[in-house]
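Given next are the chains, with one letter for each unit.
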Amino acid sequence: MHNVALSAGGWSPLDTDRYQWLQVDLGSRKQVVAIVTQGRYNSFDWTSKYRLLYSDTPKNWRPYLQDGNIWTFEGNINSEGIVRHELQHAILARYIRFIPLDWSREGRVGVRLEFYGCSYWADVISFDGHGVISYRFRSKKMKIIKDVISLKFRTTAGEGVLLHGEGQQGDYISLELHRAKLQLSINLGSNQYGSIQGHTSVTSGSLLDDDHWHSVVIERYRRNVNFTLDHHTQQFRTNGEFDNLDLDYEISFGGLPVSAKPSLGGKENFVGCMEGITYNGDNITSLVRRKKVDTTTFRNLTFFCAESNSFPVFFNSTSFLRLLGQSDSDTLSVSLSFRTWNPNGLLMFTALADGWVEVGLTEGKVTVYMNVTQKKNTRIDVSSGSGLNDGQWHSVHLNALENYAMLTVDGDEASTVRTAIPIQIQTGGTYYFGGYFLHTNARSLQRSFQGCMQMIHIDDHLADLRAVEQGLIGTFENVSLDMCAIIDRCVPNHCEHGGRCSQTWDTFNCNCSGTGYTGATCHTSLYQQSCVEYKHQGKSSGSYWIDPDGSGSIAPFRVNCEMAEERVWTTLRNNLSPQTAISKADQEGKAVLQITYNVTDEQVLSITSSAVSCEQYVAYACRMSRLLNSPDGNPFTWWVGRANERHFYWGGSGPGIQKCSCGIEHNCTDPKHYCNCDADLRTWREDAGLLVYKDHLPVNQVVIGDTRRAGSEAKLTIGPLKCQGDRNYWNAASFTSPASFLHFPSYTGETGTDISFYFKTSSTHGVFLENLGSASAIHIELRGSVILFSFDVGSERVELSVHSPVPLNDDQWHRVEAEKNIKEAVLQLNGKYREIRPTPPQGHAKQEFYSDLYVGASSGQRGFLGCMRALKINGMTFDLEERAKITSGVNPGCQGHCSSYGMHCRNGGKCVEQYNGYSCDCSLTAYDGPFCTDDVGGYFETGTLVRYDFLPELGPFALQEMKSLSVVGIPSEANLTKEELVFSFSTYSAPSILVYISSRTQDYVAVVLRHNGTLQIRYRLGGLTEPYTIDIDHRNMANGQPHSVNITRNLREIQLQLDHYPVSTYTLPEASDTEFNLVKSIFLGKVFETGQIDPILIERYNTPGFVGCLSKVQLNSVAPLKAALRSGMTAPVSTHGILVPSNCGASPLTISPMASASDPWHIEAAGAVFPFSEDKAIGDGVDRNSAIIGGIISTVIFTVLCIMVFVIRHMFRHKGSYHTNEAKGAESADCADAAIIVNDPAFTETIDESKKEWFI
């Protein structure tokens, strides 16, 4: 081609249209590996796009396929340039057709072309359905550990046995066609009890009855099998535990041998051709030709492949075929075979002399519509069959006679459908197949047929389609003759993770329901990777599904997540009950207990490998049952962990140390031994502790060996596996220079590739990652408020972008998720903003071999500046930290998590930065929990009090810590001019003191319940002879309901909020001081104080004391009740009486605040404001005095009724509470409620539920 003198001319057809082709005869079968094209010499003629067809004979063409599609080659853009394409899969054929699809706009179709390849020759054997090749072994029995079997076959039959071998012990290997798919069955042996089942069956391929050559290779080593069909390899392991394939006498090709077991009868022999049959190095086809193999079953053994008589026609959505038949006949007879994936489509249409007939597919059924207009538009509908859009060949025969019609599908005469015809028909003589011509004909609602047809008969005569191809009879448009280009888009199955594939002619769809994955190909997991990720979404403790490897092969599974304050624990429970008694032992005296976790080993490993630490509690209770036989004996008991390794240490100890916890701590029952149980005492002892070496966990089996002696007893406890943290989620790196990047070696991506990571930055531009020098390059970039994702598919560049409504350089964490698969590409930002775009139909390689991956930019572009973490590609986490340690310009780890997640710390909790995350510091709040949202409260019995003392030198400073969410500030002076007191309570007890704050002077603040249950707040700050009181007279707060109180003072202004009602404002008198001097103590429930105390408090409210619940008590940043209930806190707090932790005083249900104007119980600071006008109350002749008298009488009656209700309720409460709620221990409790709390650990939950029933 390069020599102009030798390259003059070229091919250019007379007509330039879509029906031109150039056919090349290579003389014999050749293996073609490349094609080179060039335009016609010295002209404006060239071909810019083309396809290739090939065949062994000048008929039954097959299109060249690549990546599951009919491949379109990119050709030339001028007449002199040379374009070479290496074929992904070699073409094995004698004839090749070059089909132009697009050409020069300045000229016409033109091409010079060359094919590159080599000679090919193989022995071919024709199988007629009777002959079977029996290859006898050199010895009667063969015990084979390794097999290599290969062959090529070609057939038009969808059923047939290709090879079969079996042994007397039940071993077998079989390869057969079933519904035009290839099924490999292997059994390396099953035991006689049935506990080991060795049968394994794998299916591959589809539409293998297309009369084209297909290549099969079976490679087996022990239980590992590679099953390759037409370059697609499936790898699997056989079931059972045996490695050898034990065959007797022979292996047969083309069908079952005569010696086959009767149970295998009924299977059809193979009809078609085979070549290149080899079995473990022996060329079977060569042995047959040399008559070294038994072929006596063949009627006529031939060594060539006969041509098929079929002549298929391929229809696309714009195709039709027009054929002629008899006209004016009273009999209509049409039959054909078809195959398609579409459930709907028109197969045949013909106009009658008066009416019309159409045969089509409707929802996978063959339907016939006959419209006879002479009988007032009489319409006859007939249907038969179901699921006929399965890609298989199906036959249809319609026969309409004098007064009835018959429809037969797939030759099943028994299911033939008959229907009466009210009038004799008269044929029109013209028949249309495929249906596209009807796009201008409104009489038919059927859509065009997409698929293949063959064996078309009209009036019981086979249509000569070759004559149609030559233009002698009939007409057609956009059909491909002598070719069926049907493609099974579900084989191989592109739906991942068990997604179910369905298809039409043009595309496939994946049903992902029940898989735990989503997306066009079920590639993306529905769940987060760990409990840590759920916590950072603000989730609380509970049961969750996790998927540690995302789109990887490990299926999602359920775990328990414990969101502690600083740590997140992932818990896997097992099947062993606590204190399981050891009873059964085997013949060797060992009791074996299997521990299962309802997850696979791979799933457990995915947790332990990424966790910061893991632990598992084990306990062995014993009586005369030794454990490790320490110090020097062989252990009686051991446990088996990961990888089936035995371990001889126990909880509290470590690997290689044959000791229990007491042996490490030197406090065993008998100092001579390292375990309590090794003392072999007749009394119960226990060895317990945590196993913390995570590479050995979990405990999968425990073998106990000292329980057979008389008097020996043992009980075993294996706790859940608990793992803390997720290193992958926080695996991060900081990029400090726009030229810095992390380099990772090349990786292999499948057809579907997904990338996800978190980033935060203050920069507006930068490349996140890219790979260079690859035909399938990937590039992700930040450009202002836009994320860009681009990649190559074949010669086409695809780019997606997502715009963020908020700036992305806000130094907060943002998440990028990008995915591309064979159907679509998806780019998603922060789980909210996304773009989805279909990917080009061709160019998706089955495996894409990428170049090296660069995180950052290595191509001279501006790289990413900031932090990146949790980079994951196709389920594999990239270790950014380790790579950053050896890379300049990049530092391991990140800081600044609080800017993104600090909002999860509630109620004044402070966000604390950590190396691998953040935590909420609740120490200056009255709350607990990982997000400072758990109420801390307690139940007070009669006489119970909590006292919190401020030390003289620390008092002012302790109070000057201010809540981050508070609206009040505390000055640095010792005397307070501002304070905020917040708490919740519930009680039936009145009178009582709720909170009392004392001082070293006579100043104090008290919140009390008076005898009638109303709330009173008492302020004494000096300057007044009597305390300033705020009385809430119209609300009974001692009603057992939860109530919240917030009292905020700033100088003389006091703001009070009760429950969900609006804030009320009060003002201290001018004579009052504004300083609360020298705060000394906080008392809850009761006052026990020396010095001068307001006598009214003691006399009226202090006895017998508060009985009920207090919760979330806080004075500025001091939480006295929390300090009393949390043993780990060091604080000057003391408790007298019984204080039981409970949240029964938690806040009531929240409703929208009621406006002051519409609140009938709202009290202003100056007194009551009643919701009526005195002037308006006097109306038209109504006497004012009468109105006043009537009002007084109504008030008296209402008051009497209220008193009666209160008395009755009080009586029933006291009678019923002891009668219905009494529990064990009530005799030692002051009330029934206290007895329930002491005895019922679920009491807290009971209170939680009960409080939901109260509504103010």
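You'll find the structure just up there.
Residues numbered from 1 in each chain as written. Predicted model: local features only at pLDDT ≥ 70, side-chain atom pairs only at ≥ 80, totals over all residues. Heavy atoms only, no water.

K.L.:
Would you mind going over the overall build of the chain with me for this structure?
P.N.:
Each helix and strand counted, the chain has 14 helices and 85 strands in total. Burial statistics for the chain: of 1256 residues in total, 52% are counted as buried. Within the chain, counting contacts between residues at least 6 apart in sequence, those at least 24 apart form 69% of the total. Just so you have it, the chain exposes about 57400 Å², and 51% of that area is on carbon and sulfur atoms. (Helix = DSSP H or I, 4+ residues; strand = E, 2+ residues; numbered from the N terminus. Buried < 20%, exposed > 50% of the residue type's maximum accessible area, 1.4 Å probe, protein only. Contact = heavy atoms within 4.5 Å. Areas by Shrake-Rupley, 256 points an atom, 1.4 Å probe, with all protein chains shown as cover.)

K.L.:
How should I be thinking about the nonpolar core in this particular structure?
P.N.:
The nonpolar side chains of a soluble globular protein tend to be buried, and buried together. Ranked by size, the top nonpolar core spans 63 residues in total, and within it Tyr620, Trp650, Val699, Leu716 and Ile718 carry the most contacts. Take this core: its biggest share by element is 5 residues, from strand E49 (residues 713-724). Residue contacts for Leu716: discarding those within four places in its chain leaves Leu576, Ser577, Pro578, Gln579, Thr580, Ile582, Leu593, Ala619, Tyr620, Trp650, Val702 and Ile704. Of all hydrophobic cores here, the second largest spans 44 residues; its members include Val1007, Leu1015, Phe1076 and Val1118. (Core = buried A, V, L, I, M, F, W, Y, C linked by side-chain atoms within 4.5 Å.)

K.L.:
Got a minute to help me understand the packing of aromatic side chains in this structure?
P.N.:
The geometry of two aromatic rings is summed up by the distance between their centres and the angle between their planes. Per the counting criterion, the structure on display carries 35 aromatic pairs. For the pair Phe768 and Phe864, a centre-to-centre distance of 5.0 Å together with 45° between the ring planes defines the contact as tilted. Linking Phe768 in strand E54 (residues 765-771) with Phe864 in the loop between strand E62 (853-856) and strand E63 (866-873), this pair joins segments that are 96 residues apart in sequence. Overall, the relative accessible area of 0% leaves Phe768 in the buried class. On the accessibility criterion, Phe864 (1% relative accessible area) is buried. When the ring of Tyr996 is compared with that of Tyr1004, the centres are 5.5 Å apart and the planes differ by 35°; the resulting orientation is tilted. By relative accessible area, Tyr1004 is classed as buried at 2%. Connected via pairs of aromatic rings, a cluster forms that spans Phe735, Phe757, Phe759, Phe768 and Phe864. (Phe/Tyr/Trp six-rings, centres within 6.5 Å; stacked < 30°, edge-to-face > 60°.)

K.L.:
Teacher, can you tell me more about the sheet that holds E62 here?
P.N.:
Within a sheet, adjacent strands bond to each other through the backbone by hydrogen bonds, running parallel or antiparallel. Strand order in the open sheet formed by 6 strands is E51-E62-E54-E55-E56-E57, with antiparallel pairing between adjacent strands. Each edge of the sheet is formed by a strand with only one pairing partner; in this case those strands are strand E51 (741-744) and strand E57 (796-803). The mean angle between the axes of side-by-side strands here comes to 15°, regardless of whether they run parallel or antiparallel. With 8 bridges connecting them, strand E56 (residues 786-793) and E57 associate as antiparallel partners. Bridge pairing in E57 places Ser790 opposite Glu799. (Pairing = 2+ DSSP bridges. Axes fitted to C-alpha atoms, helices over the stretch in contact; angles between N-to-C directions.)

K.L.:
Hey, could you run me through the state of the cysteines in this one?
P.N.:
Under the defined criterion, the tally for this structure stands at 14 disulfides. Paired through a disulfide, Cys660 and Cys675 show a sulfur-sulfur distance of 2.0 Å. Here the S-S torsion is close to 85°, and the disulfide linking Cys660 with Cys675 is therefore right-handed. Taken together, the positions of Cys660 in the loop between strand E46 (646-647) and helix H5 (661-665) and Cys675 in the loop between H5 and strand E47 (685-691) put the pair 15 residues apart, joining distant regions of the chain. Of the residues examined, Cys675 reaches a relative accessible area of 0% and is grouped as buried. Here Cys905 is linked by a disulfide to Cys920, with a sulfur-sulfur distance of 2.0 Å. One disulfide, between Cys905 and Cys920, carries an S-S torsion of -85° and so falls in the left-handed class. Of this pair, Cys905 sits in the loop between helix H7 (898-901) and strand E66 (910-914) while Cys920 is found in strand E67 (residues 917-921), placing the two residues 15 residues apart along the sequence. Each member of the pair, Cys905 as well as Cys920, is classed as buried. (Disulfide = S-S within 2.5 Å.)

K.L.:
How should the sheet that holds strand E10 (residues 133-144) be read in this particular structure?
P.N.:
Spatial ordering of the open sheet is given by E10-E19-E12-E13-E14-E15, a layout of 6 strands whose pairing is antiparallel. The open sheet has two free edges, formed respectively by E10 and strand E15 (199-204), since each of these has just one partner strand. Geometrically, the sheet is characterised by an average inter-axis angle of 15° between neighbouring strands, direction not taken into account.

K.L.:
For this particular structure, what's the right way to read the pattern of salt bridges?
P.N.:
Under the counting rule described, the total for this entry stands at 39 salt bridges. Salt-bridge contacts for Lys267 lead to Glu176; the nearest nitrogen and oxygen are separated by 2.9 Å. In this pair, Lys267 sits in the loop between strand E19 (245-253) and strand E20 (271-279) while Glu176 sits in strand E13 (residues 172-178), placing the two residues 91 residues apart along the sequence. Judged by its relative accessible area of 36%, Lys267 is partly exposed. Among the residues examined, Glu176 registers a relative accessible area of 11% and is labelled buried. With a shortest N-O distance of 2.7 Å, Asp949 and Arg947 are connected by a salt bridge. Looking at Asp949, the relative accessible area reads 24%, which means it is partly exposed. Classification of Arg947 as buried rests on a relative accessible area of 19%. Each of the salt bridges in this network shares a partner with another, and the network as a whole consists of Arg29, Asp56, Arg154, Asp211 and Glu275. (Salt bridge = Lys/Arg side-chain N within 4 Å of Asp/Glu carboxyl O.)

K.L.:
Before we go on, may I ask you to explain the side chain of Ser740 in this structure?
P.N.:
Here Ser740 shows up in the loop between strand E50 (732-735) and E51. In terms of polar contacts, Ser740 uses its side chain to reach the backbone carbonyl oxygen of Ser737, at 2.6 Å. Among the polar contacts made by the side chain of Ser740, one reaches the main-chain carbonyl oxygen of Gly889 at a distance of 3.3 Å. Excluding its chain neighbours within four sequence positions, the residues that come into contact with Ser740 are Phe735, Gly856, Ala857, Ser888, Gly889 and Val890. (Polar contact = N/O pair within 3.5 Å; in protein donor to acceptor, adjacent residues only side chain to side chain.)

K.L.:
Please explain the environment of Asp670 as it appears in this structure.
P.N.:
Its place among the elements puts Asp670 in the loop between H5 and E47. With relative accessibility at 22%, the residue Asp670 sits in the partly exposed group. For the pair Asp670 and Asp680, spaced 10 residues apart in sequence, the C-alpha to C-alpha distance is 9.5 Å.

K.L.:
Can you help me understand a nonpolar patch on the surface in this one?
P.N.:
Together, Tyr617, Leu690 and Val692 give the surface a local cluster of nonpolar side chains, amounting to about 240 Å² of exposed area. Within the secondary structure, Leu690 sits in strand E47. When its relative accessible area of 34% is taken as the criterion, Leu690 is described as partly exposed. (Patch = residues over 30% accessible without salt bridge, like charges linked within 9 Å, V, L, I, M, F, W, Y side chains within 5 Å.)

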